[in-house]
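# A structural walkthrough
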Amino acid sequence: MAEAADFQGTSPSPARRWLRRTGALLAGVPLLAGAFQLPTSGSSYASERGLAAEVTGSRTVDVSLDFLSPSVPSEDDTLTVSGRIVNRGKQAVTGAHVGLRVGPTLNGRSAIDDAPRSNPYAGTEVGGKYVAKFTRLAPGVPQTFSISVPVDRLDLGSDGVYQLGVTLTGRTATAPYDQILGIERSFLPWQPEDADTKSRTTYLWPLISTSHMTAETGSNEQQTPVFADDDVLAAELSPGGRLERLLSLGKDLDITWVIDPDLLASVDAMTRSYRVQVNGSSTTTRAGTHQAVAKQWLGELEKAVEDEEVVALPFADPDLASLAHSGTAVTGSLSHLKDATTVAGTTVESILHVTPSTEYAWPVNGAIDPSIVKVATSAGADTVLSRSDSLKETGALPYTPSAARPIGGGITAVVADARLSTAFQGDMTVAGNSTLAVQRFLAQSLMLTRQAPDKQRSVVIAPQRMPTASQAQTMAQALTALQDGNWSQSADLSAATRTEPDSGATTRVPPASSYPGSLRDRELSEDAFVQIERTQKKLDSFQVILSDKSRVVTPFGRAMDRSMSTSWRGRTVEAAAYRDGVEQYLKRLTEGVGLIDKSEAKLSGRSATIPVTVQNNLVQGVDHLVLRLTSTQPSRLSIGDGAFQEHPVAVSGGHSQSVKFTTNAHANGRAGVIAQLYTQDGRPYGPSVTFDVRVTEITATVMLVIAGGVLLLVLAGFRMYTQRKREAARRAAQETENVPAGDGAEHTATPVAVGAGTDGTEGGREKASTTGPGAYDPEHPSDPSPDTAREITDPSGTGERVDR
């Protein structure tokens, strides 16, 4: 960040310190003169005013500063540094030692940036017994060192940021004199007493992950969620994992939690029964097995955020810059952001039982332009988290201003400090990188406070969205040292937002041309938003027919939020695969409700009914559908009273229903018929089914044959009826003759039916047994058969004929 006057406030040094430094200066004059007489072999060895040794040796020895404690020393402390040295040259180094050198205080925040690159001086070596000696350093062989020095031996004067150098001094065969062959530079913040006015520092602690859940759910009542993968998330939640470290470290720090509700929803889903796709297949899944680690992490998080400030990002952390630059050209894209913002608060509250703030929008890296601000605040947020390398200062102030400032339209920009926010973006698994990052962070923080020591300012630090486990460890180390220091005090983000803005601070949002090209190249494309909106339209059409919309609308709504996530930056292929998976799964669901194909139907008569079957393979019922059957040739075949007829349709889950349409034939031949489902608002649903109906004329001869057949059936029925009456009378007379008067005994008889065959059967039927009371219930050949066919309740099959 450009600063008009990048200097620190200073205070007078004690007189004895001034005398000591002056004496060292005078003593160094002869040494400086002698140094110019030494052979150099392309390098020189000198000192500046007796205070700092110039690093002009071969620099063939790598020096790594792996440990420094305490990071912010006080007067009674002992400073301990340790690390490694490796001779990268081809010659052995002899008579070597590692020593500490303290340079002068730095003047301004920019000086801290430039010190490792442009400052050729290592400072004054403490020397004496506070060195680590090495007789010989063989090429390529690493060795370790450790030095402990009482702080009062470092000759620190006024408060401020001092340069700290760790140097390797030695000789080689070609340069047989002492010279600095390696150096590592760092910083030593010195503020032994409380600052008169402390900076108020807000550190955002992000809990954000990539998207893991799909739109797919189980068919059971609980709607078992389906994950695209669970191993990655489980590894992050497990001991030593990225999210576990962020939680374990963060709960002991004064921070503001910034949480993506999608992460909470995913972990919460993992605490119960869930499924996982196998090799990315949406049709093959396995049971999830990481319930224990999910429960552990979620339970600890709930305790950690109790009574703490929590900021909820919109669900799945939508990419605001992508929306602004590509999504606004697609109708409906901003509605997803509004939904994601609405659901954010309820998700966090239901899982963590705290009420989060949802007023903040956080574009990637805090980079903003007018379109990003407009999109970011369109869903209800009134505060944008920016960064000082985007909303740059013009130089009107001689110090870093407070974070909050109005940018117009009732919107507040909270500007995070870029230097402090980007301090831990390197590879923090390397101990040397971590140690240097901590010292640089603390140095910048102290220098910021000393820019205007009498003016209290609010400083906001917004680190990278998804710190690694090692980055989180380094962040926590630096923040612990800062909170134990004497120049800063912790503050919540809400307090920083309410701070009175500095009158000279920049409030002008940078133009679109200032947006970094490196960030724009990683944004979601317009095609991505077109696909998301296409899926949304399909969902809108589908949900109107469902009896329980929430089973589909909720998981698909959250999946489309995930499709716009910031986590897809730099993962174009994976992002496209996720969107395709959502769209294809919705397509399979919508195809679960549709018409069964029909083949040609034959209509032998002037009128008949044609059944069309609607099948529902969903687990829930569908309603609000209309089935329309249309004749393409109404002059030959009309449906109902005209060219088409409609019937409302409601089908239970897992069932099918046949809908019958009345047809009237007007001429022989084929007539095309189209069956189409519609939603109640008139939009076609699913593909249509087309089939032919063949109409045949009923001739006079056919009518005579039919009439004759009917007459024969009537006569046969009358004959059977009279035979039955005669048989009943004959049996009654026979029973009377076989029972003696007044006997009172039961007798049985086995009558022989009229027309019985020689084998004792009646017309080829077995004789009915009359043994026992009530056992006689014979079938008679004269009993008429039903005149209608058995009712068929099964749905009409494909190609069912209509022949009445």
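Residues numbered from 1 in each chain as written. Predicted model: local features only at pLDDT ≥ 70, side-chain atom pairs only at ≥ 80, totals over all residues. Heavy atoms only, no water.

### Some thoughts on the nonpolar core
In terms of nonpolar packing, the biggest core is built from 75 residues, with Phe542, Phe556, Leu627 and Val693 touching the most fellow members. For this core, the leading source of residues is helix α17 (residues 572–590), giving six residues. In terms of nonpolar packing, the next biggest core, distinct from the first, is built from 67 residues, Leu106, Leu207, Leu237 and Leu442 among them. (Core = buried A, V, L, I, M, F, W, Y, C linked by side-chain atoms within 4.5 Å. Buried < 20%, exposed > 50% of the residue type's maximum accessible area, 1.4 Å probe, protein only. Helix = DSSP H or I, 4+ residues; strand = E, 2+ residues; numbered from the N terminus.)

### Details of the pattern of salt bridges
A full pass over the atoms with the stated rule returns 27 salt bridges. Among the salt bridges present, the one from Asp194 reaches Lys198, with a minimum N-O distance of 3.8 Å. On the basis of relative accessibility, which here comes to 22%, the residue Lys198 falls in the partly exposed class. For Arg683, the salt bridge identified is with Asp681, shortest N-O distance 3.1 Å. (Salt bridge = Lys/Arg side-chain N within 4 Å of Asp/Glu carboxyl O.)

### Focus on the packing of helix α15 (residues 526–543) against α17
Two packed helices can be described by the angle between their axes and the distance between those axes. Taken N-terminus to C-terminus, the directions of α15 and α17 make an angle of 20°; their axes are 10 Å apart at the nearest point. When the axes of α15 and α17 are compared, the pair comes out roughly parallel. Relative to α17, α15 is oriented so that their crossing is left-handed. Each of Ala528, Gln531, Ile532, Arg534, Thr535, Lys538, Leu539 and Phe542 in α15 lies in contact with α17, whose residues at this interface are Arg579, Asp580, Val582, Glu583, Leu586, Leu589 and Thr590. Tallied by class, the residues present in the contact of α15 with α17 amount to seven nonpolar, three polar and five charged. (Axes fitted to C-alpha atoms, helices over the stretch in contact; angles between N-to-C directions. Parallel < 35°, antiparallel > 145°, perpendicular 65-115°, else oblique. Left-handed = near helix turned anticlockwise from the far one by under 90°. Contact = heavy atoms within 4.5 Å. Nonpolar A, V, L, I, M, F, W, Y, C, P; charged D, E, K, R; others polar.)

### Overview of helix α8 (residues 333–352)
Counted at 1.5 Å a residue, the expected span for α8 with its 20 residues is 28 Å, and the 29 Å between its end C-alpha atoms agrees. His353 occupies a position one or two residues after α8 and carries a positive phi of about 60°. (Expected span 1.5 Å × (residues − 1).)

### Side note on the layout of surface pockets
Here the largest pocket is characterised by a volume of approximately 620 Å³. Residue assignment for the lining of the largest pocket shows that the elements contributing at least two residues are β12 (213–217), α5 (261–270), α8 and α16 (550–563). No other element matches α16, which puts six residues into the lining of the largest pocket. (1 Å grid on protein atoms, 1.4 Å probe; cavity = no way out; pocket = protein on both sides within 12 Å on 5 of 7 lines; lining within 4 Å. Points joined across faces, edges and corners; volume = space filled by probe spheres on them.)

### Considering the sheet that holds strand β27 (residues 622–631)
Taking strand neighbours across the sheet as the criterion, the five strands line up as β25-β32-β31-β27-β29 in an open arrangement whose pairing is mixed. What marks the edges here is a single partner per strand, and that holds for β25 (601–604) and β29 (644–651). Shown here is a sheet whose adjacent strand axes are inclined to one another by a mean of 30°, direction ignored. (Pairing = 2+ DSSP bridges.)

### With respect to a nonpolar patch on the surface
A cluster of nonpolar side chains, contributed by Leu711, Leu712 and Leu715, occupies part of the molecular surface with about 330 Å² of accessible area. Along the chain, Leu711 turns up in helix α18 (residues 700–737). Accessibility expressed as a relative area gives 53% for Leu711, which makes it exposed. (Patch = residues over 30% accessible without salt bridge, like charges linked within 9 Å, V, L, I, M, F, W, Y side chains within 5 Å. Areas by Shrake-Rupley, 256 points an atom, 1.4 Å probe, with all protein chains shown as cover.)

### Overview of the confidence of the model for the chain
Of the residues in the chain, 82% have a pLDDT of 70 or more, and the chain-wide mean is 84. Scored below 50 in pLDDT, residues 1–56 shows 101 contacts in the model against residues more than four places distant or in partner chains. The low-confidence segment residues 739–804, where pLDDT is below 50, has 72 contacts with residues more than four positions distant or belonging to other chains. (pLDDT = per-residue confidence, 0-100.)

### Thoughts on a negative patch on the surface
Together, Asp254, Glu302, Glu306, Asp307, Glu308 and Asp492 make up a negatively charged patch on the protein surface. The residue Glu308 is located in the loop between α6 (291–304) and β17 (310–312) in this model. (Lys, Arg positive; Asp, Glu negative; His and termini not counted. Charge placed at Lys NZ, Arg CZ, Asp CG, Glu CD.)

### Quick word on the packing of helix α11 (residues 431–451) against helix α12 (residues 469–484)
It is the contact of α11 with α12, at a shortest axis distance of 9 Å, that shows an interaxial angle of 35°. Judged by the sense of rotation from one axis to the other, the crossing of α11 with α12 is right-handed. Packed against α11, whose contacting residues are Ser434, Ala437, Val438, Phe441, Leu442 and Ser445, the element α12 presents Thr474, Gln477, Ala478, Ala481 and Leu482 at the interface. When grouped by side-chain class, the residues that make up the contact of α11 with α12 number seven nonpolar, four polar and no charged.

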